[in-house]
Every structure is written in C-alpha cells, then in structure tokens.
Amino acid sequence: MASRLTELSVERPRSVIAVVIILTLLFLVQFPKIIIDTDPKNMLPAASPVRVYNDRMESLFALHKDMIALGIVNQDGIFNEATLERVARFTGEITKIKGVVVQDVMSLTTVDNVLSENGRLIVHPVMDHVPKSVAETEALQKEIYDNPMLIGRLVSEDKTTTAIYIPLEEGADAKVIADKIRALVKKEKGEKEQGEKEKGDDKYYVAGDPVARDTFGHNMFLQMGIFSPMAGFIMMIALYLMFRNITLVIAMMAVAFLSIIWSMGLLIGVGLPVHIMSSMIPVFLMAIATDSVHIFNEFYFRLKETRNKKEAIIETMTVVGPPVRYTALATAAGFAVLVIMHIIPVRVFGLFVAFGTIVIRLMSFSFIPALMMLTSDEKLMTAAGREDEESGRGASWLRKLGEIAFHRYRTVIVVGAVMIVVAIAGITQIRVNNNMVSWFKKSSDIRQADMVMNERLAGTASAYIVAEGGEIDSMKNYKNLKAIEELQRELETVPVVGKTTSLVDIVKRINKVLHGNADEYNVLPTSSDEIAQYLFLFGMSAKPRDLDNVVTADYDKANMFIQLKTWDAVAMRGVLKKIGEFKSSHPDLTIQFKPAGISYFNMVWNDEVLFDMIKGFILALIAVFIILVINFRSIKWGMISYIPLLFTIIIIYGFIGFIGKDFDMPISVLSALSLGMAVDFAIHFIRRFQQRYAEDRDIERAIIWTAARPGKGIIRNAILFASAFSVMILAPLTPYITVGLFIAGMMMISSIMTILFLPAIIRMLKGWVV
C-alpha cells in the first residue's frame, strides 16, 4: 500500500498536495475551540477515591481548594502604622477582586482573636482598627503573640512578616487574580515613592500553588509559541546545510507541522481539553518527524547513482520504506499502549502522539515524494553531487567509527558494560517527586515568593488530616482531642512541617483566656463536659467559619490544618509516614486519621501519573520488542536491536540519578521519546545492514558501509533535532529546559551508541545471528 501511495504521489504530485492542504485546513479551523485545563485535579478521573474524598472534606469543612498568599515583609518590623495601614488597605482592595471568596479572606483585620474580659469570652478581629499610637501598637503586638494560633500563620516569629490569605472561587484563574494583586502592590509602591518613605520599607510576595499552576498554564503555551518556531527555524537551517535544497527543507518541516496541526486539531475538535501533558505533543511530533531525514539521506545517494529523479524516489522508498514503516509502527505502538492507562491526560497524550506518528509516516510516503517531484532536477543533482559515502562530509569519520567498533569489539563492549554498571548505580539514587513551584527558575518571582514565605512563616503548602470519631459529639471527648494533640506534636517534629492547627488549639486558647491568661491553663481540660461548654461559648461568639473549618456540625469529625515548607510530593510522604508510626505506637486509638487537602492530592496524582507512565513505558517496551521481532522476522535480531534502546534509557536515567534531578512528570514523558528514537536508529541500522549483507556477503564491508551511509542519516537525524531543541535551555520554565537538554543528550547518545555498539555486538555474535 505504501508503494502504491508513493507511485500515486510521484505521478500526481499536485493533486496529493492539494488534498493534504484541504485536510489540514479542516483540522486547523478546530483551533479556536481550544479548552485549556491545567488543574491537577482533572488529571485523575472524577470517580478517583482521593478526588471524591477531597471534594467531600472541602464541602464538609467549608474549605477552599485554592488559596493565594500575599506576604508583606518589613525588615524593621511590621508593627508600625504605615505597614498596618497597608495591610488593612490591601485586605479591603483584595475583597473587591472578582473570583475572590470575600467572606473568607484572612488577614490581621479579618481573622478573629479569642480573648476574655471580666470572665466573659470575647471574639473579635485581631486588628479591628489600625493603631495610631505606640501604646496601641504595643498592645496589639502583645495580643497577637499571646495567641500561638496566629504565630507562623498570620505573623512571623521575628515580627517582620504578615500574610493575607486569599481563597478563590471554584474555576477562578489564579494567575489573573495574582496579577491584579501585583497591580495593587505596584500602585502602592508608586504612591510610596512619591512621599511616603517615612512609613516603612515593605516588600511584597505573591505565593501559592494555584499561582504556580495557572501561571505555568498560561506560560507553557506562550513558551511553545516562542520556542517551537525557534526550534523549527534552527531545524530549517540545519536541514539546508545538510541538503542544500530549500524545497526539501520545506517538505520535512511541513511534515512536522502538518502532524502537529492534524493531531492537535483532532484533539480540540473532539472536545478534549489541553492538559499540561498534551501541551507537549508538538514537541514529541517534531522529534518523531525528523525520521524523514533518512529518506532525504538515501535519496541523494540514489539520485547521484541513477541520475533520474523519479527512479531515485521509487528506489529510495523501496529500501528506506520498510525501516521507516516499522519505526513508525514501533513508535506509534509505544505511545498507543498509554491509552489503557488509568490517568485521562496520559491516555490522551498517548493516543494523539500515536495518531501524529501515523500522520508523519503517511506524509513520508505521499507528501514528501510529491514535493520531491516538484523540485528542480538541476538543483537536486548539484546537491546530490556532494554526497560520497567514501569521503564525503561525515562519512569518513563514520567509516572509522564502524571500523573501530568491528575490529575492537571486545573493548567497545567492555566499556559499554562498565557504563551500564555505573549508570545502574545512579538509577538507585533517583527520587520520584513533583513540585510545580520548582518548574520555575530560582530567580522567578514565584520561586522567590515561595522561598521567602516558607522561610518566614510556617509554609505555603497545606494539607489536612481528618480525625473521624464515628459518633456524634465524639470530637468533644477529651481522649479523642488528646490523641489529636499528641499527633500534632509528633507531626511538628517532621522538618518540612511548619505548623499544625486544630480544634484542640481553640479549646486550649479558650481555657487559657478564661483563667486569667495563665500559661498553666494552656492545656486541654480533662473534662469532656467542660470542653463541650467551651465550644458552645465559642460557637455563640465567633464567626461560623471559625468552627466550620475545624469540626463538623455533629462533632463527629475534626480537621487538622498542616502547613508545609515545600510543595514537594515527598514532603507529604514524610507526613504520612509519621502518622503511620503514630498509629502503630497508639493501638488503642478510638479515632481514625485520614489525609486530605491539596498537598496530599498533589502527592497522589504525582504518584499515579508517574507510575502510570512507568507502567505504560514497560508495556511499550514489550510492544516494541514484539514489533521488532516481527520486523526482522527473528527473535535474535529483535534482541540485538533492543540493546541500544536499553543502553540509552539506562545511561540517561543513571545520569538523572547522579545529578540529583527528581523523576518528575517532564522526565517521565521523556521516557517515551527515548524509546521511540532509540528504536528508530536501531531499525534503520539493522535493516540496512541486512539489505547490504544480502548484496555483499562480507560482514566487515557490510557493517562499515552501514555505518557510513545509513549511519550518516542517523547522525543527521540526531544533530538536527539536538541542535533545534537545545534552544529550549533559554526558556524560563524548567520543564522546557529539561526537555531541551535531555532530548539533545538522548539523541546524541542514542545515535553514537547505535553506530558504535551495534557493529561490535554483530561482530561478537556473528556466528549466532549471521
């Protein structure tokens, strides 16, 4: 069928190109319908247990999934009239921003403090008015630092930092709201520069997971829009330097962009949202499209030999067609197995990369031959005249590389084995982790804000531990509250835990203030009846949310807030480990502790996405091996062609382990690409070696010829893509830097290892395979 398609394209090139353009327009008109979804929550199915439980707890405790923190820092201390005025002013202005849950904004002016007067419980805002005198300021400061619940969350221990916590409505764009908050800050700074310097030197920081998430969502498409054209431009330059013909350059670039338009157009057209993973589809398709360089590489050699363009095209597709076809099948199958995974974006990613791969191969047998036929014969002959497998550019050193691999095969294999052993040692050091805040450079505003807030306050990351008593009023029971308190103290020994807050802290605070603020009463009352009375008094005096956030109306469940110093998934694992140890050491517990909240959810989706990718990768390895065996009609050759693939993967991940890079989502996605490219090179090398060996039964000459001629296509492929995507190291988002560096390294390692190790292995096993 591929042969007939090529013949049709050669005979009717204009008709083929016209059909491709019409189909491309149909996919292109789908793009205005694009829906972007960067919420990790939607990475998991709606029926996922963690998602269902999180939603239930957020509803039960009147919690908000997304929260932005505005940090205000004054090195001389925040307790001055100017800074406190700004806190009050910012709080008022923030409540006017659309998308903010106004009634739940938390700051010095809205959060309640628990006090007593003449034996009567009083609950009022921490700062009901801005103090106008030193005495008032000192009194406010004393009240605040007398309440441990406020320290670390609302104000820092060193009195230099305060925070405003801004909950967001469901579906609100955190980046848009963060930008509006920054605009308020910028306006404030401008007014201060005009004559308010005496009021204090404040610095402002906007932090929070939703800010990082939605900012990344906005930026990832901006970066793709900037760096994809840059990568494409560099590819065009590299292609022109390789083949010296602008039409062929356009043909190859067109194949890459056609596959991207068709795949993304279909994805958008069927109504699927573009997730973080599916935004990477264009990168992968551009990588896979570079396989077409093998067609041009062989075409120039054939054209020089036959001096007939049409005949050269047919002969090229005859000899290069089978490896091109099977590399497409192996790559498509490797990605297609992701369709059976649990995570929806992983399925979408795998399906549409597989579809794009098929499109690329379809274009290889139709669009490319059609454009070749419309290219000037004279220009092609001039460019083809420069190709020489004996002494042409690149061919001579590739011949030498092939000769070294063949004659010194034992040394080559021993060196490779040593590299594998060292890399395996590196793999054991890999840490599975994910942190969206770390996807920004350290110099970025988001990273800087997160760092400052975590240093000065209890932490920007949050989680919940829900205590379930199973009975109404079980959370008024002294024994149960004592267990919660003991768990809090245990969790606070975990280095990444900055603070814990629960119903226990409210009860202790009430007990203290009703006993003349005496420190010895900063404990839980041992009487359950007394606890119940305190909570009744508090419920009558405080705002509903003050209790709603920490206990249910029936008092059968209580919620513990945990502030973490990092959004790392491993941080939450440390918390869960400590809870497990606590349960083991308290076998008589009458309540259950269950995790919830954004940090816990991030850990779960991180693990599920990454381990789903690993499972998919293993299945892909199996599928690819089966295709390799079918391709070569030999288990032996299938195993040999598998070696460069395994070698590349082990070396890459060994390097990741040694440099201390976390195994996160961008790295996991690169696994699939490394599989496709390594298999691509191996199939081309072995297929062409077999073809040459069938013509010339001298194994040495066949291997050296393969290293010099098809090997040139392999190296061109690697250089082409490595040089193009190396520009991504200039990106402000670290996943793109990672993708750029690792694709460049992966391509070069895979290509060199194919040309170096396959000849050595074939030479060592010649009695078995030849």
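For clarity, every value in this text was computed on a predicted model and none was experimentally measured.

A. How the structure looks around the overall build of the protein. In terms of regular secondary structure, the protein is built from 29 helices and nine strands. Each principal axis of the C-alpha distribution contributes one length, and for the protein these read about 105 × 60 × 45 Å. Taken over 770 residues, the protein has a buried fraction of 60%. Relative to all contacts within the protein whose residues are 6 or more apart in sequence, the contacts with residues 24 or more apart total 80%. About 30500 Å² of surface is accessible on the protein, with carbon and sulfur atoms providing 60% of the total. One finds the centroid of the 80 positive side-chain charges in the protein at a distance of 11 Å from the centroid of its 78 negative side-chain charges.

B. Highlighting the environment of V339. With respect to the secondary-structure elements, V339 resides in the loop between α11 (309-336) and α12 (344-364). Relative accessible area serves as the criterion here: at 34%, V339 is assigned to the partly exposed category. With 15 residues separating them in the primary sequence, V339 and A354 have C-alpha atoms 9.9 Å apart. Beyond its immediate chain neighbours, meaning those up to four positions away, V339 contacts R347 and L351.

C. Spatial organisation of the sheet that holds strand β7 (residues 497-501). Read across the sheet, four strands follow the order β7-β8-β6-β9 without closing on themselves; strand pairing throughout is antiparallel. Edge strands, defined here as strands with exactly one partner in the open sheet, are β7 and β9 (592-596). Strand-to-strand, the axes of this sheet are offset by a mean angle of 25°, without reference to chain direction.

D. Representation of the confidence of the model for the protein within the structure. Scored by pLDDT, the protein has a mean of 86; 95% of the residues are at 70 or more. The model gives residues 193-199 a pLDDT under 50, and that stretch makes nine contacts with residues more than four places away or in other chains.

E. Layout of the sheet that holds strand β1 (residues 67-73). Here three strands make up an open sheet; going across it, the order is β4-β1-β5 and the pairing antiparallel. With one partner strand each, in any of the chains shown, β4 (161-167) and β5 (203-207) form the two edges of the open sheet. Sheet twist, expressed as the average angle between the axes of neighbouring strands with direction ignored, equals 20°. Sheet topology places β1 next to β5; five bridges connect them, and they run antiparallel.

F. Expanded view of the pairing of β1. Among the seven residues of β1, six are classified as buried, and the element is accordingly described as predominantly covered. The pairing of β1 with β4 spans seven bridges and is classified as antiparallel. If you follow V73 over to β4, its bridge partner there is T161.

G. Layout of the nonpolar core. Judged by nonpolar contacts, the single largest core of 260 residues is most densely connected at I68, L70 and I484. Per-element tally for this core: the top contributor is helix α28 (residues 734-764), with 16 residues.

H. Seen up close, helix α4 (residues 81-94). Given a rise of 1.5 Å per residue, 14 residues ought to cover 20 Å, and the 20 Å separating the end C-alpha atoms of α4 matches this to within 8%. For α4, the complete set of buried residues consists of A82, T83, L84, E85, R86, V87, F90, T91 and I94. Between a side-chain oxygen at the N-terminus of α4 and the backbone nitrogen of A82 the separation is 3.2 Å; the capping residue is N80.

I. Representation of the pattern of salt bridges in the model. Overall, the coordinates contain 35 salt bridges when judged by the stated rule. With its nearest N and O atoms 3.0 Å apart, the salt bridge here joins R213 to D66. Taken together, the residues R213 in helix α7 (residues 209-243) and D66 in the loop between α3 (49-60) and β1 connect sequence positions 147 residues apart. Here the two residues R213 and D66 agree in accessibility, since each one is buried.

J. Layout of the packing of helix α10 (residues 293-306) against helix α27 (residues 710-725). The N-to-C vectors of α10 and α27 enclose an angle of 140°; their axes lie 9 Å apart at closest approach. Classified by the angle between their axes, α10 and α27 sit oblique to one another. For α10 against α27, the interelement crossing comes out right-handed. Listed contacts from α27 to V293, H294, N297 and F301 of α10 are P710, K712, G713, I714, R716 and N717. When the residues that make up the contact of α10 with α27 are grouped by side-chain class, the tally is four nonpolar, four polar and two charged.

K. Broad picture of the packing of aromatic side chains. For the structure shown, the criterion picks out 13 aromatic pairs. Both rings, one in F335 and one in F349, keep their centres 6.0 Å apart while their planes meet at 75°; by these two values the pair is edge-to-face. Placement of F335 in helix α11 and of F349 in helix α12 is noted, with a sequence separation of 14 residues between them. Plain terms: the ring middles of F625 and Y642 are 5.3 Å apart, the flat faces sit at 70° to each other, and that makes the pair edge-to-face. Separated by 17 residues along the polypeptide, F625 in helix α23 (residues 598-632) and Y642 in helix α24 (residues 635-659) bring together distant segments of the chain. Given a relative accessible area of 25%, F625 falls into the partly exposed group. Residue classification places Y642 among the buried residues on the basis of a relative accessible area of 13%. Linked through ring pairs, F216, W439 and F440 together constitute an aromatic cluster.

L. Just the environment of Y736, in detail. As for its position among the elements, Y736 is in helix α28. Y736 gets classed as buried once you look at its relative accessible area, which sits at 2%. Y736 sits 11 residues away from F725 along the chain, and the two C-alpha atoms are 9.3 Å apart. Aside from chain neighbours lying at most four places away, what touches Y736 is F216, M220, Q223, M224, S279, M280, M728 and A731.

M. Quick peek at the packing of helix α8 (residues 246-269) against α10. Where α8 contacts α10, the axes come no closer than 10 Å and their chain directions differ by 155°. Taken together, α8 and α10 sit at an angle that is classed as roughly antiparallel. The crossing of α8 and α10 is right-handed. On α10, the residues that touch L248, A251 and M252 of α8 are V293, F296 and Y300.

N. Fine view of α24. The terminal C-alpha atoms of α24 lie 36 Å apart, and with 25 residues this matches the ideal 36 Å at 1.5 Å per residue to within 8%. Along α24, the sharpest change in direction is near 25° and occurs at Y642; proline P644 comes one to four residues later. At the N-terminal end of α24, a side-chain oxygen is found 3.2 Å from the backbone nitrogen of K636, two or three residues along, and the residue is S634. Of the residues flanking the end of α24, it is G660, one or two places downstream, whose phi is positive at about 80°.

O. Just unusual backbone geometry, in detail. Here the phi dihedral of K159 falls at roughly 65°; this positive angle occurs in a residue that is not glycine. Overall, K159 belongs to the partly exposed group, its relative accessible area being 31%. You will see that N517, though not glycine, has its phi angle at about 60°, which is positive. Checked against the element boundaries, N517 lands in the loop between α19 (503-513) and α20 (528-541). Assessed through its relative accessible area of 30%, N517 is described here as partly exposed.

Cut-off values and rules
Residues numbered from 1 in each chain as written. Predicted model: local features only at pLDDT ≥ 70, side-chain atom pairs only at ≥ 80, totals over all residues. Heavy atoms only, no water. Helix = DSSP H or I, 4+ residues; strand = E, 2+ residues; numbered from the N terminus. Buried < 20%, exposed > 50% of the residue type's maximum accessible area, 1.4 Å probe, protein only. Contact = heavy atoms within 4.5 Å. Areas by Shrake-Rupley, 256 points an atom, 1.4 Å probe, with all protein chains shown as cover. Lys, Arg positive; Asp, Glu negative; His and termini not counted. Charge placed at Lys NZ, Arg CZ, Asp CG, Glu CD. Pairing = 2+ DSSP bridges. Axes fitted to C-alpha atoms, helices over the stretch in contact; angles between N-to-C directions. pLDDT = per-residue confidence, 0-100. Core = buried A, V, L, I, M, F, W, Y, C linked by side-chain atoms within 4.5 Å. Expected span 1.5 Å × (residues − 1). Polar contact = N/O pair within 3.5 Å; in protein donor to acceptor, adjacent residues only side chain to side chain. Salt bridge = Lys/Arg side-chain N within 4 Å of Asp/Glu carboxyl O. Parallel < 35°, antiparallel > 145°, perpendicular 65-115°, else oblique. Left-handed = near helix turned anticlockwise from the far one by under 90°. Nonpolar A, V, L, I, M, F, W, Y, C, P; charged D, E, K, R; others polar. Phe/Tyr/Trp six-rings, centres within 6.5 Å; stacked < 30°, edge-to-face > 60°. Bend = angle between axes of the 7 residues up to and from the residue.

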